[in-house]
Each structure stands twice: as structure tokens, then as C-alpha cells.
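As a plain string of letters, each chain reads:
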Amino acid sequence: MGETGVAVASSPRAAASSPRAAASSASVASSPRAGGVGGRHHHRRWGGAAAISPSYRAVLLALWLVGFALVFLWQSTSVGRARLYTRPPLLPKRAPSAQGMGQWVAAPPVYDLREFGGVGDGRTLNTEAFVAAVASIAERGGGRLVVPAGRWLTAPFNLTSRMTLFLAAGAEILGVQDERYWPLMSPLPSYGYGREHRGPRYGSLIHGQDLKDVTITGQNGTINGQGQSWWSKFRKKVLNHTRGPLVQLMRSSNITISNITLRDSPFWTLHIYDCKDVTISDTTILAPIVGAPNTDGIDPDSCENVVIKNCYISVGDDGIAIKSGWDQYGIAYGRPSTNIIIHNVTIRSMVSAGVSIGSEMSGGVSNVLVENVHIWDSRRGVRIKTAPGRGAYVSNITYRNITLEHIRVGIVIKTDYNEHPDEGFDPKAVPIIENISYSSIHGHGVRVPVRIQGSAEIPVKNVTFHDMSVGLVDRKNHVFQCSFVQGQVIGYVFPVPCKNLDLYNERRELVKQSTLQNISDIDYSF
């Protein structure tokens, strides 16, 4: 049909030349030079253009206009037909291969959980459907699993590489509450045992390990651990193994988690362990603010290159806790958490802290930026916690533009968080805490804005405060508490800083140098 369109479209062009040819012939005939030597006599015989009558000239003009209009209409129709019958480009496009020959790049397959027998009634167990869907994606080398609207009860299942788990609007994955459905896993090597009990631990509801290119996203669908029965059994001490996280990804890279809700985890909510290149954004994490033990929001654990942004977290323990292993096990594993950005996050934690580092930090923690974070109705604001036996370091930590609202203690560094996996830890393995910066710290309704408790074994070095103004609940004398702290205050800081710190003006000129860095002014009575 394309060839026909071209042929039809070309014929009007020939027709279009006819009027012009006639006009050209008439013009040549009327030229004096057309007749050669006797051209003048021909000019006198024909009389040129003046010999043509006005009526004949009008007829010629009308015919020419009609012909032009027909040609234009014919060309437009022919081009339209050519477009109508032109095939669209063949998809997918050809992409170059490693050999440069090119190969067809097919779009990854998209599966609906219902294709594998899934039933979203909140009662039917869908574990086999999830397992079969993931197996199909693994067989195809990647793909997307869509969980449509409904309530999809399931036991734990694993993800695979190059997979997207997509939760549509109104979709809710429900964790089965009977722990007999939850598999047991070996202890994490950097923890030594299950964290709550020796020996194995329960796996997570959604699990993945040794994977690449994993995405969990959607239209704000929900993953619900239904943790109420787990919390009750934990309080009654009837569980023989450590509770499992809601979502856990281990030794994996290129992870994206976005636009979902995670709620009511049995234990830590989102545990990212020994992973690289992780982005967690636009995610809501919920658990009861009391009565939901150890339901941390997000735990980057021995991870590198992590971004957590635009999230809302309200849970029964730390909102975000950066970890890297526990005592001698973490020291031996030796995987630090580094290059972590926490940005534009709102957190509530009435039991614990908004953002914590530690206490399990025996692989080291460095290069962390916490900025534009709002912490409200919480026991602690931002906290670093460690102890003798942890070893390693917490270094190059920046807190910037932090808002504290109705907080018991705003800024905390604690060096005697003495909780150990067993008696095998080395008490002489003391951590280094240094290069900690706090700037643009503001808020109101804070009981104790700062409590930095270093010790003779673990002094806190090079702490900086700049631009701080926090409204107090009670105007007591020692609401800025320090012990074995060395550092500086730059410019205006309220409340009045402790005497352990050097004072500088806004031009960073030394005003007063402290000689009392080792004094202790820690008061836990308020």
C-alpha cells in the first residue's frame, strides 16, 4: 500500500505542471525572440497579450485556479492515505549487544498474582501463588509481579533478582500469624546469634539475599506483618527464637523501595543488611507507639550508599537505626555502614529515638548526613549509643536542620549502653567517637536539649554546635549536659552550652577555650 500511495501522490504533480507548461508556451510564443529574424512581423501579426480578449483571459484564469485547487486536494488526500497505511516502527527497538551485532530487547514480563491462583479475600493462604510467580520471574530473567487490590494472606516468601514487586492501590499483603509457617534462618554473622535468643532466628515475611536490581513499589499498597500476636508472645516469653523482620534484604545491591506502606512488623520493619546502593523514598512505616517492642522503622545494617528520603515513620522503637554488627561478631565481620543520607523525614518514637546510630556498630559507622528531619512526640531526638566491647568507630556524622518538638532528650551520645551477645566480648575493645556536627537545631517543648556522656575510656572528640535554639519545658541550670567531651560552639547557641566546649564567634574566631573537657554534668533525674 505504501508504494501505491507514492504512485498516486506523484501523478498530481505531473498534472500540476500542465497549466504552467501552457502558460510557458504562450509566453515563449509571444516573445519577439521566438521568431528569430522575423520576430517583429510575428509580433505585429499576433498582437501579443493585447490580442487575447478579456473574456478569454478570464476563462483561462478560472480554469487555472480550478486546476490548482484540484491538484492541492488530490495531493492532500494522497498524503493522508500514505500516512494511514504507513506501518508504525517495530517495537522493541534494537539495542547493541556485546558483539556489536544488536539483539531484540524485550520488555520484562508483567504478571498478576491472580494468574497463579492468588485469592485476595484475607483468608486464603497465597504462599504458593507468590512462590510460583517469583519462580516465573526468575526463569524469565526478571519481571514485575503486580499485587492487585485485595487482602493477600501469605507465609514468608523470597524475591529474586531484576524483580519489581508492585502493590496496586488497595492491595495489602498480610503476614500469617502462626509462627510455624515462618522458616528459621541462621544467625546473622555479625551478630553471633538471633539477637533475642541463641541459635536460629525467624526469617522475614518478604526476604531476599544475594540479589541485584530489586524494587518494591506501588500505589501506596500495604505490607502488613500483623505483629500483634508476635508482640504478645514476646512479652509472655513463649517464643523460642528471635522474631523476624517484615522485609529483609541481605547482601544485595541496587535496591529501590518507594510508594508503599509497611506496618505492624513482628520485629524490625525494614532491615537492609550488608547491601549497597539502596534508595528508600516516599514510604510510610507504622506500628503502635507503645506495646510494639523492637519495631524499628528502617535499619541500614553494614550498608554502603543508602538514601532515605521523604518518609513518614511512627513506630514502637527507633525510627531509623544505623547498625553494623554486635561486639566481637561485628568486629570479625568487619562491614561498616557508610555514605548514608537521611533527608526530609518525619519521625515519632515515644519509646526510643527518632534517628539512632548503634548500639550495634562494631563494624564502624561513618559519613552520615541527617538533614531536614522533624522528630516529634519522642523519647529521644537524635542519638548515638555504644559501649566498651563494641570497638570500631562512629565518625564524620552531620546533623543539619533538625526540628525537635515535644522531646524528652533532644541530642544524645551514650557510651555505656552495656548490652552484649555473650560473655565473649572484649571489654578493652572501645569505640572511637569523633567529628560530630550539629547545626540549625531548633524546636520547642524539649526537656533536656543535649546530653553527651563520654567517659575516660570513650571520650567524645571534636563535637561542633552551630545555630541552635531549642525551647525548654523547664528552665533548669544544667539542661546542656556534657561529660568527657571536646569540641566547640560557634556563634549563638541556646540553651547555654556546657563548659566542656570551646567558644567561637560567627567569624570562627576563638573567644574562650575550655579547660574543663573532662568534667561531668550528667543528671538522669529529668
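Residues numbered from 1 in each chain as written. Predicted model: local features only at pLDDT ≥ 70, side-chain atom pairs only at ≥ 80, totals over all residues. Heavy atoms only, no water.

Just so we agree on the cut-off: UniProt positions are given in the numbering used here, feature names are shortened, and annotations may be inferred rather than shown by experiment.
Looking at an unreviewed UniProt entry, one finds the protein named Pectate lyase superfamily protein domain-containing protein and attributed to Oryza glaberrima. What the UniProt record of the protein gives under Sequence similarities (unreviewed entry) is the line "Belongs to the glycosyl hydrolase 28 family."

Topic: the pattern of salt bridges
To keep things clear, this is the line we draw: Take a side-chain nitrogen of Lys or Arg and a carboxyl oxygen of Asp or Glu: if they are within 4 Å of each other, that pair is a salt bridge. A helix here means a DSSP run of H or I that spans at least four residues, while a strand means a run of E at least two residues long, and both kinds are numbered starting from the N terminus. Only protein chains enter the accessibility calculation, which uses a 1.4 Å probe. A residue is then buried if its area is under 20% of the maximum for its type, exposed if over 50%, and partly exposed in between.
Counted under the stated rule, the structure contains 18 salt bridges. Among the salt bridges present, the one from Arg-151 reaches Glu-172, with a minimum N-O distance of 3.5 Å. Taken together, the positions of Arg-151 in strand E6 (residues 150-154) and Glu-172 in strand E9 (residues 171-175) put the pair 21 residues apart, joining distant regions of the chain. Arg-151 gets classed as partly exposed once you look at its relative accessible area, which sits at 39%.

Thoughts on the nonpolar core
Test applied: In this text, buried Ala, Val, Leu, Ile, Met, Phe, Trp, Tyr and Cys residues form a nonpolar core when linked through side-chain atoms within 4.5 Å. Any two residues whose heavy atoms approach within 4.5 Å at even a single point are treated as in contact.
Core analysis: the biggest nonpolar cluster contains 98 residues, and Leu-159, Leu-165, Ile-223, Ile-342, Tyr-399, Tyr-438 and Phe-465 have the highest contact counts within it. Of all the elements, strand E27 (residues 393-414) adds the most residues to this core, at eight residues. Among all residues touching Tyr-438, those that are not within four sequence positions of it are Val-382, Tyr-399, Ile-411, Ile-413, Val-463, Thr-464, Phe-465 and His-466. Leu-188, Met-250, Tyr-273 and Trp-326 belong to the second largest nonpolar core, which has ten residues in total.

Observations concerning the side chain of Thr-269
Our working definition: Side-chain atoms alone can form a polar contact between residues adjacent in sequence; in general such a contact is a pair of N or O atoms within 3.5 Å, and within protein one must be able to donate a hydrogen while the other accepts it.
For Thr-269, the position within the fold is in the loop between strand E17 (260-263) and strand E18 (270-273). A relative accessible area of 1% places Thr-269 in the buried class. Engagement of the side chain of Thr-269 in a polar contact is seen with the backbone oxygen of Asp-296, the distance being 2.8 Å. Excluding anything up to four places from it in sequence, Thr-269 contacts Pro-245, Leu-246, Val-247, Leu-262, Ile-285, Thr-295, Asp-296 and Gly-297.

A look at the packing of aromatic side chains
The following threshold applies: Paired rings are identified among Phe, Tyr and Trp, the last through its six-membered ring, by centres lying within 6.5 Å, and are further divided according to the angle between planes into stacked (under 30 degrees), edge-to-face (over 60) and tilted (the rest). Only when the NZ atom of a Lys or the CZ atom of an Arg is both within 6 Å of the ring centre and within 35 degrees of the ring normal do we say a charge sits over the ring.
For the coordinates displayed, the defined rule picks out twelve aromatic pairs. Here the aromatic rings of Tyr-111 and Phe-116 are separated by 5.6 Å at their centres, their planes lie at 65 degrees, and the arrangement is edge-to-face. Tyr-111 sits in the buried class, given a relative accessible area of 13%. With a relative accessible area of 23%, Phe-116 lands in the partly exposed category. Their ring planes at 25 degrees and their centres at 6.0 Å tell us that Tyr-273 and Tyr-333 sit as a pair that is stacked. Of the two residues, Tyr-273 sits in strand E18 while Tyr-333 sits in helix H6 (residues 327-333), which places them 60 residues apart along the sequence. The burial state of Tyr-273 is the same as that of Tyr-333; both residues are buried. Through pairs of rings, three or more aromatic residues link up here, namely Tyr-191, Tyr-193, Phe-267, Trp-268 and Trp-326. For Arg-195, the ring lying beneath its charged end belongs to Trp-326, and the centroid distance is 4.3 Å.

Quick word on the state of the cysteines
Condition: Throughout, a disulfide means two cysteine sulfur atoms within 2.5 Å of one another.
Considering all chains together, one arrives at one disulfide under this definition. Left unpaired, Cys-303 is separated from the closest cysteine sulfur, that of Cys-275, by 4.9 Å. For Cys-303, a relative accessible area of 0% translates into the label buried.

Regarding the pairing of E27
Regular strands show a simple pattern: their side chains alternate between the two faces of the sheet. Condition: At least two bridges found by DSSP between two strands is the condition for calling them paired.
Sheet analysis places strand E26 (residues 365-385) next to E27, joined by 16 bridges and oriented parallel. For Val-382, the partnering residue across the bridge sits in E27 and is Ile-411. Where E27 lies against strand E28 (residues 432-453), 17 bridges are found, and the strand directions are parallel. Across the sheet, the residue bridging to Thr-403 is His-442, located in E28.

Quick notes on helix H4 (residues 127-140)
Using the following cut-off: Working rule for helices: expected span equals 1.5 Å times residues minus one.
Helix length check: H4 (14 residues) gives 20 Å between terminal C-alpha atoms against 20 Å at 1.5 Å per residue, within 8%. By the burial criterion, the buried members of H4 are Thr-127, Ala-129, Phe-130, Ala-133, Val-134, Ser-136 and Ile-137.

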